[in-house]
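Structural description and commentary
The chain contents come next:
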Amino acid sequence: MYTSFKQLASSLMEREDKMRLAVSAAGDFHTVEAAIYAYNEGVIIPIFVGCRETISDILKKMGHDPRLFSIIDEKDGALSCKKAVSLVREGSADFLMKGKTDTSVLLKEVVNKETGLGLGKLMSHVAMFEVPSFPRLVTIVDGGMLTYPDLEGKKAIIDNTVQCLINMGYEKPNVGVIACVEKLNPKMPETVDGDLLKKMNQNGEIKNCVVEGPISFDCAVDEEICRLKGYESPIAGQVDIFLMPNIHTANICGKTLLCMAGAKMAGFVAGARCPIILSSRGASAEEKFYSIVLGAAAAKRS
């Protein structure tokens, strides 16, 4: 549906009800920079939780008046994460982003059964890529959370990712369960899962999407290759969501696109009450900005 992150950002600029982003431990320059850029572009309204003095200094260095922004003063990193989570839970923010803190600290607050954002199901990572040589954004899962998902885990990944894309405006996403071949082979568990997930989709256990599997990567991206192979599918060459066999294949595929194909990436954790952006503290402001765009598009008003 979307051809670039810029197009996705443009669709958000047109919204009157801007999504509110709670940034936990917001003492990281690139994180604040990305949030302010998203604000200036009309994508989100930021709420910074962290040391007021540090955040104010960063904003001043960027040429902004700190008084124009919502800053909740909390110097303790863990408590700032707790507060940011509570903002989403109480409906004062729509999605969440990690600042200068460890991922485990924020996730501990997210999964807290009494005060967190869990929905009683598996959470998974959604990564979307803009590849210069490809005509649309592609989503590769799960390269960041679930290591070796079983059949139910793969179903959860599909459910989480499909819901995010529907929130973004996709009508009925196409899901490809990726393997190295397009045929069921009992000796290849990846193909068995692909076949079962396709049947689960056909009988209504997996909804709001079209699941094809097993399907090879080349057939998922190129309709002409499908024709040459004699592979018939209603979504041949039109896959939106690439469900990889495990975290290694998803991670390697994503890094290959980034390092060798000049791709851009954005991502967040899905399966909680809201998208949770967990970009590395070493990530560029650009990657964090695109992740904010993606999270805002996938979020629903609290």
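The following refers to the structure shown. These figures come from a predicted structure and were not determined experimentally.

Val141 connects to Asp142 through a cis peptide bond whose omega is -5 degrees. Its place among the elements puts Asp142 in the loop between strand E6 (138-141) and helix H6 (151-168). Cis rather than trans, the peptide bond between Gly213 and Pro214 has omega equal to -5 degrees. With respect to the helices and strands, Pro214 occurs in strand E8 (residues 210-215). Unusually for a residue other than glycine, Ala25 sits at a positive phi of about 45 degrees. On the secondary structure map, Ala25 appears in the loop between strand E1 (19-24) and helix H2 (29-40).

Before going further, it helps to spend a moment on the pattern of salt bridges. Under the criterion given, the structure shown has 14 salt bridges. Of the charged contacts, one joins Lys82 and Glu109 as a salt bridge, the two residues approaching to 3.9 Å between their closest N and O atoms. In this pair, Lys82 sits in helix H4 (residues 77-89) while Glu109 sits in helix H5 (residues 103-110), placing the two residues 27 residues apart along the sequence. Of the residues examined, Lys82 reaches a relative accessible area of 37% and is grouped as partly exposed. By relative accessible area, which is 14% here, Glu109 ends up buried.

Phe48, Phe95, Leu96, Val110, Met168, Ile276 and Ile292 are the most contacted members of the largest nonpolar core, which has 78 residues in total. In terms of residue count, the dominant contributor to this core is helix H11 (residues 285-298) (eight residues). Among the nonpolar cores identified, the runner-up in size contains 21 residues, and Ala127, Phe242, Leu257 and Ala263 belong to it.

Moving on, we come to the packing of aromatic side chains. Tallying each qualifying case throughout the model produces seven aromatic pairs. Ring geometry for Tyr37 against Phe289: centres 4.6 Å apart, planes inclined by 70 degrees, an arrangement best described as edge-to-face. Taken together, the positions of Tyr37 in helix H2 and Phe289 in helix H11 put the pair 252 residues apart, joining distant regions of the chain. Under the relative-accessibility criterion, Tyr37 is labelled partly exposed at 42%. Judged by relative accessible area, Phe289 falls into the buried class, the value being 9%. For the ring pair Tyr39 and Phe69, a centre distance of 5.1 Å and an interplane angle of 75 degrees mean the geometry is edge-to-face. Taken as a pair, Tyr39 in helix H2 and Phe69 in the loop between helix H3 (52-61) and strand E3 (70-73) lie far apart in primary sequence, 30 residues in all. The exposure class assigned to Tyr39 is partly exposed, which follows from its relative accessible area of 34%. When its relative accessible area of 11% is taken as the criterion, Phe69 is described as buried.

Among all positions of H5, only Leu106, Leu107, Glu109 and Val110 are buried. Take H5 and look down its axis: the buried residues cluster within an arc of 155 degrees, on one side only. The outward face of H5, more than 90 degrees from its buried face, is lined by the exposed residues Ser104 and Lys108. Looking at the buried residues of H5, the elements they touch are E1, H4, strand E4 (95-98) and strand E11 (276-277).

Moving on: H11. Here H11 contains 14 residues, and its C-alpha end-to-end distance of 20 Å stays within 8% of the 20 Å for a straight helix at 1.5 Å per residue. Of all the 14 residues making up H11, 12 are buried; the element is thus mostly covered by neighbouring parts of the structure. Within the span of H11, buried status applies to Ala285, Lys288, Phe289, Tyr290, Ser291, Ile292, Val293, Leu294, Gly295, Ala296, Ala297 and Ala298.

Attention now moves to the state of the cysteines. A complete count under the given rule lists zero disulfides for this structure. No disulfide involves Cys51; its nearest neighbouring cysteine sulfur is the one of Cys81, lying 14 Å away. Unpaired in this structure, Cys253 has its nearest cysteine sulfur neighbour in Cys259, at a distance of 12 Å.

Moving on, we come to the pairing of E1. Among the six residues that make up E1, six are buried, leaving the element largely enclosed by the rest of the structure. Judged by which residues are buried, E1 turns out to be covered on both faces: Met19, Leu21 and Val23 on one side and Arg20, Ala22 and Ser24 on the other are all buried. Here five bridges tie E1 to strand E2 (residues 44-50), and the two strands are oriented parallel to one another. Paired with Ala22 across the strands is Ile47, a residue of E2. One crossover worth recording links E1 to the parallel E2 by way of H2, and it is right-handed. Sheet topology places E1 next to E4; four bridges connect them, and they run parallel. By the bridge assignment, Val23 is partnered in E4 with Met97.

Turning next to the layout of surface pockets. Over the atoms rolls a probe the size of a water molecule, and its path tells where empty space is left. Here the largest pocket defines a volume of roughly 490 Å³. Around the largest pocket, the lining comprises 26 residues; the ones closest to its centre are His125, Gly143, Gly144, Met265 and Glu287. Mapped by element, the contributors of at least two residues to the lining of the largest pocket are H5, strand E5 (124-130), helix H10 (247-260), strand E10 (264-270), E11 and H11. Among the elements of the structure, H4, H6 and E10 are those that each provide at least two residues to the lining of the second largest pocket.

Basis of the calculations
Residues numbered from 1 in each chain as written. Predicted model: local features only at pLDDT ≥ 70, side-chain atom pairs only at ≥ 80, totals over all residues. Heavy atoms only, no water. Helix = DSSP H or I, 4+ residues; strand = E, 2+ residues; numbered from the N terminus. Salt bridge = Lys/Arg side-chain N within 4 Å of Asp/Glu carboxyl O. Buried < 20%, exposed > 50% of the residue type's maximum accessible area, 1.4 Å probe, protein only. Core = buried A, V, L, I, M, F, W, Y, C linked by side-chain atoms within 4.5 Å. Phe/Tyr/Trp six-rings, centres within 6.5 Å; stacked < 30°, edge-to-face > 60°. Arc of directions from axis to C-beta. Contact = heavy atoms within 4.5 Å. Expected span 1.5 Å × (residues − 1). Disulfide = S-S within 2.5 Å. Pairing = 2+ DSSP bridges. Right-handed = clockwise from strand over helix to strand, strands pointing away. 1 Å grid on protein atoms, 1.4 Å probe; cavity = no way out; pocket = protein on both sides within 12 Å on 5 of 7 lines; lining within 4 Å. Points joined across faces, edges and corners; volume = space filled by probe spheres on them.

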